[in-house]
Structures are given as C-alpha cells and as structure tokens.
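Each chain is listed here by its residues.
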Amino acid sequence: MAKLSACDINQLLNRRVERLIHRTNHRGYLGLSQVGHECTRYLWLVLHDAYRGVLTPRTLRIFERGNWEEGRIIKDLKALGATVTGEQAAIHQLGGHLQGHIDGIVNNLSGVPDNTLLEFKTVNSTSFSKFSKKSLKDVSPMYYAQVQMYMHYLSLEQALFVVVNKDTEMRHFSLIKYNKDDALKLEEKIYDVFGSDSPPKKIGGPDWYVCKMCSMYDLCHEQEKVHICCRSCANVEFKLGSLGCKKGVTQDPRTIDIGCLDAWESCLK
C-alpha cells in the first residue's frame, strides 16, 4: 500500500468533512445570534435564504472547538457547586422563523444571582484583550444583542458571559444586565425585517469595509445569483410555523428547499 503524505491526509480529511457542508449550512430561520448585525439588508437576506455561503472544513472545526469549550466550562461550574440546566434549549419566536439556542441557565453559583443565562464564546488573544477591558456592548454589538434577546424572551434579568482565550486558555467572566429598552429596539428591528416585502437598502458601497467583510457581498455588489427556494421567492408569506404563497401555490415540504420555478422571482428586484 502506498504511503500517504501529510498533504494527502489533509486533502482526504477535508473532502470527508466537505460532504457535510450542504446538510449543516442551512438553518431555515433567522438566528437570534444574528439580530445584532448592523445591516438590516443582511438580516432580510438571511431570513429569505437568498444566499447559502460555504462552510469550509476549517470553519466547521472552529464551531466544534466552541462546542467543546461549553462542556468544559459547565463542568467547572458544577465543580463549584452550581447547577446548570437548559443546555442548548431552543427559543422559538414568530412561529419558528426566529430561533436561538442558549448555552444554559445557572443556579447556586456563589456571587451570581440564580436564574442567570449562560453564554460562552471562544476568541483569539487580540479579541480577548478587548473583552477584558471594555463592555460587551462596546466590543461586540452582535454578542450583546444575542444575550439581550435571549434574556428578553426567557424573562431573565442577567447573563453570565464567559469569554475564553483559545490561545492561552484564560477566561473572562462578566455579568450582563437585561436592558429592556435595548431589547425592544432590537425586537422592533426584527419586526421591520419580517414585515418588509423587499430588501432594505445597502448600508454602503462595494468599498465600504463592513460590506467587504460580509458574506452577502457578492450578492449585493457583484450580481451573484440568488439561491432559488420558496423563502427567496417574491411571493412568499411568512406565517406562524409555515410559509405561505401569494399566488396560492401549495407548499409541499419536499419543495421548500427547491423552489417553484414558475412562481420564483429575484428577491433583489
């Protein structure tokens, strides 16, 4: 049997992981972890499944690294006598079109009020330094919005936000208070996205740094084709727990991810 080089092994493993990409890349809902994004057009395009990006093997490993860290932190909290419940419990709003999954709720942890939301993130050393020195809202409006909406929908008053430096294994703990005003503003933003029949305006041109770093860049600025499915159709209607069609096309669950070519129109027109 011929020997495999390190390069051969890497390619084989990557190809094996890449077979999972299509199955893991589609949510079918707008995530609460995304609602803090500054571009409402981005949120609208995500909701309408207009673009399916590529999750590379490296990206999937980063996600998996974060999942491992959750178990480690929870184990350490329990070693201190705390109880953790609701691990990966789902939050469903707007009939399931808006969803999120919490890392847990902690009780009996010294110095932390009972019924505190848990949220964990892994970052590099540069980002960790920022989280250690500034407030969560200043460092990451996305993460701040995520925990605010989790607390809002679960009627919780505080969150324990844990940031792990994946380079050094250091941890930073911070208590985040529920801010009703901020949560209601975010909720209003979400309703605006769901209530719009057309995508909001772009927040910048092709050279704007926010746009250049966005996964929707090619769709907004390079005329990339829209992913064809019922959610991206101009005739879609978001109903509680289902999709409707303004043209009365019957929604067969087997075709929701394929789309009706007769009814479909570009959601960017």
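Note that this is a predicted model, so its numbers are computed, not measured.

Student: Could you clarify how one ought to interpret the sheet that holds strand S7 (residues 158–165) in this entry?
Tutor: What links the strands of a sheet is backbone hydrogen bonding, and the strands pair in either a parallel or an antiparallel sense. Strand order in the open sheet formed by five strands is S2-S5-S6-S7-S8, with mixed pairing between adjacent strands. Looking at the sheet topology across the chains shown, the edges are occupied by strand S2 (83–85) and strand S8 (171–177). Shown here is a sheet whose adjacent strand axes are inclined to one another by a mean of 30°, direction ignored. Examined bridge by bridge, strand S5 (residues 104–107) and strand S6 (residues 116–123) share three bridges and lie antiparallel to one another. The residue bridging Ile 105 from the neighbouring strand is Leu 117, located in S6. Together, S2, S6, S7 and S8 form the strand contacts of helix H4 (residues 57–79), whose direction differs from that of S6 by roughly 135°. Those strands touched by helix H7 (residues 141–154) are S6, S7 and S8, and its axis lies near 160° from that of S6.

Student: When you look at the sheet that holds strand S4 (residues 98–101) in this model, what are you seeing that I'm missing?
Tutor: The strand order S1-S4-S3 describes an open sheet built from three strands, whose pairing is mixed. A single partner strand is all that each edge strand has here, and the edge strands are strand S1 (30–31) and strand S3 (90–93). Of the pairings in the sheet, the one linking S1 to S4 comprises two bridges and is parallel in character. Residue pairing for S4: Gly 31 is matched across the bridge by Gln 99. Strands in contact with H7 are S3 and S4; relative to S3, the strand with the most contacts, it is inclined by about 75°.

Student: Help me out: how do you make sense of helix H8 (residues 180–195) in this one?
Tutor: Think of an α-helix as turning once every 3.6 residues; residues three or four places apart then point the same way. The end-to-end C-alpha distance of H8, which contains 16 residues, comes to 22 Å, matching closely the 22 Å that a straight helix rising 1.5 Å per residue would cover. Buried residues in H8 make contact with S1, helix H3 (40–47), S4, helix H6 (136–139) and H7. Here H8 starts with a cap whose side-chain oxygen sits 3.2 Å from the backbone nitrogen of Asp 181, and that cap is Asn 179.

Student: Help me out: how do you make sense of the pairing of S8 in this one?
Tutor: Within a regular beta strand, the side chains point alternately toward one face of the sheet and then the other, so they alternate between its two faces. Across seven bridges, the pairing between S7 and S8 is antiparallel. Counted as the bridge partner of Val 163 is His 172 from S8. Linkage of S7 to S8, two consecutive antiparallel strands, is achieved through a turn of five residues, within which Glu 169 is found at a positive phi near 70°.

Student: I tried to follow empty space enclosed by the protein on my own but got confused; where do I start?
Tutor: Throughout the structure, instances matching the rule amount to one cavity of 30 Å³ or more. Looking at the largest cavity, its volume works out to about 110 Å³. Together, 14 residues line the largest cavity, and Cys 39, Cys 211, Cys 214, Cys 220 and His 221 are the ones closest to its centre. Of all the secondary structure elements, the ones that give two or more residues to the lining of the largest cavity are H3, helix H9 (209–212) and helix H10 (217–221). Broken down by class, the residue content of the lining of the largest cavity amounts to 10 nonpolar, two polar and two charged.

Student: Can you walk me through the pattern of salt bridges in this structure?
Tutor: Any two side chains of opposite charge can pair, so long as their charged atoms come close to each other. Enumeration over the complete set of coordinates arrives at 10 salt bridges. Arg 171 is paired through a salt bridge with Glu 69; the nearest N and O atoms lie 3.8 Å apart. Here the residue Arg 171 occupies a position in strand S8, and Glu 69 occupies one in helix H4, the gap between them amounting to 102 residues. Residue Glu 169 pairs with Arg 72 through a salt bridge whose shortest N-O separation is 3.2 Å. Here Glu 169, found in the loop between S7 and S8, pairs with Arg 72, found in helix H4; they are 97 residues apart in sequence, far enough to count as distant. Glu 169 sits in the partly exposed class, given a relative accessible area of 36%.

How each quantity is defined
- Residues numbered from 1 in each chain as written.
- Predicted model: local features only at pLDDT ≥ 70, side-chain atom pairs only at ≥ 80, totals over all residues.
- Heavy atoms only, no water.
- Pairing = 2+ DSSP bridges.
- Helix = DSSP H or I, 4+ residues; strand = E, 2+ residues; numbered from the N terminus.
- Axes fitted to C-alpha atoms, helices over the stretch in contact; angles between N-to-C directions.
- Contact = heavy atoms within 4.5 Å.
- Expected span 1.5 Å × (residues − 1).
- Polar contact = N/O pair within 3.5 Å; in protein donor to acceptor, adjacent residues only side chain to side chain.
- 1 Å grid on protein atoms, 1.4 Å probe; cavity = no way out; pocket = protein on both sides within 12 Å on 5 of 7 lines; lining within 4 Å.
- Points joined across faces, edges and corners; volume = space filled by probe spheres on them.
- Nonpolar A, V, L, I, M, F, W, Y, C, P; charged D, E, K, R; others polar.
- Salt bridge = Lys/Arg side-chain N within 4 Å of Asp/Glu carboxyl O.
- Buried < 20%, exposed > 50% of the residue type's maximum accessible area, 1.4 Å probe, protein only.

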